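# Residue-level structural notes
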Amino acid sequence: MEINWKKLGMEDREIIGQYYGMEPVRNCEFTFANNYLWAPFYDIRYAVVEDMLVFLSEEAEMSVSCPLGKGDRKRTVDALLQYFAQKGKPFQMHLVSPKQFEKLEELYPGRFQVSYDRDAADYVYETQRLITLAGKKLHGKRNHINRFKENYPDWRYERITDENTAECIAMAEEWKRQNHCAERGEKHNEFCVTVNALEKREALGLRGGLVRADGKVVAFSLGEPCGEDMFVVHIEKAYAQVQGAYPMINQQFAEHEAAGFRYVNREEDTGAEGLRRAKLSYDPAFLMEKGLVTEK
């Protein structure tokens, strides 16, 4: 079967959103904004196969996402298996959740295996806990925020708008300089995604917020709804030297932008030890597992 894969453009937001609406997924990757922003770095394209949405990535090895929608899942997977066979490539399906793998197992008993990657698991938190920081486990976060408020009594939270976007971009550029980001590699890609997200925030449907101290932007965050009861935080930047800036933007962004959602997804730790400690320190409600499916 011939599958016509298409590069993602802003004009595809509506059709991709329609399929996400049919079958909401909690994985942080499954939003149009995330797909669009990272597509150039992971060589992501998409197609509608048997009335189901599928993404193709050829960044390293050829791999597809689990089909989403109301179409015939088996016919779609059969078409994908045929496509891989025609290309002479081993079948791979990435970012598959346990529930998605259960559906595959029902359709193809014993044919596939899944390998979950701890480094790729999303950290999911109860929104109210991120807002109130109640309980003994989050006592340290409350202390950091109180110290920030003492040090910067003029602090304030603002939504990101066209009027303050340039300040956020300037802060991202300074953050990049302070963190010695090279001109290539994952950190550089992350910086490019951040600037692109800020510039195209409204067109992508992203919500943004910033924290000021002494009148200057010291932290900002960008995110969006994901699935039925979840808000995903895609980007968070703060100055490490400003004590409490990270806990402050985390708490304020949850309070102002995610209050209507049960959960906040703060994405994966990519195996970075410091990031893992930081994400675990907020006491996640659960980890959203994602695995690679291959044929046995």
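As the structure is a computational prediction, the values presented were derived from the model and not from experiment.

Let us look at empty space enclosed by the protein. Applying the stated rule across the entire model yields one cavity of 30 Å³ or more. Here the largest cavity defines a volume of roughly 50 Å³. As for the largest cavity, its lining consists of L130, S221, V233, E236, I249, N250, F253, A254, A258, V264 and R266. Contributions of two or more residues to the lining of the largest cavity are made by β11 (230-238) and α10 (245-257). When the residues that make up the lining of the largest cavity are grouped by side-chain class, the tally is seven nonpolar, two polar and two charged.

Although it is not a glycine, L95 sits at a positive phi angle of roughly 55°. The residue L95 is located in strand β5 (residues 92-96) in this model.

As a volume, the second largest pocket reaches approximately 400 Å³. Taken together, 17 residues form the lining of the second largest pocket, with P24, R26, S97, K99 and M288 sitting closest to its centre. For the lining of the second largest pocket, the secondary structure elements donating two or more residues are α4 (98-107) and β13 (286-288). With four residues, the single largest contributor to the lining of the second largest pocket is α4. Here the lining of the second largest pocket is built from residues that sort into seven nonpolar, three polar and seven charged.

Before going further, it helps to examine the nonpolar core. I16, L37, F55, F148, V211 and F220 are the most contacted members of the largest nonpolar core, which has 64 residues in total. In terms of residue count, helix α2 (residues 32-42) provides more of this core than any other element does, six residues in total. One finds W5, V49, V54 and V293 within the second-largest nonpolar core, a separate group that totals 23 residues.

The rules behind each value
- Residues numbered from 1 in each chain as written.
- Predicted model: local features only at pLDDT ≥ 70, side-chain atom pairs only at ≥ 80, totals over all residues.
- Heavy atoms only, no water.
- 1 Å grid on protein atoms, 1.4 Å probe; cavity = no way out; pocket = protein on both sides within 12 Å on 5 of 7 lines; lining within 4 Å.
- Points joined across faces, edges and corners; volume = space filled by probe spheres on them.
- Helix = DSSP H or I, 4+ residues; strand = E, 2+ residues; numbered from the N terminus.
- Nonpolar A, V, L, I, M, F, W, Y, C, P; charged D, E, K, R; others polar.
- Core = buried A, V, L, I, M, F, W, Y, C linked by side-chain atoms within 4.5 Å.
- Buried < 20%, exposed > 50% of the residue type's maximum accessible area, 1.4 Å probe, protein only.

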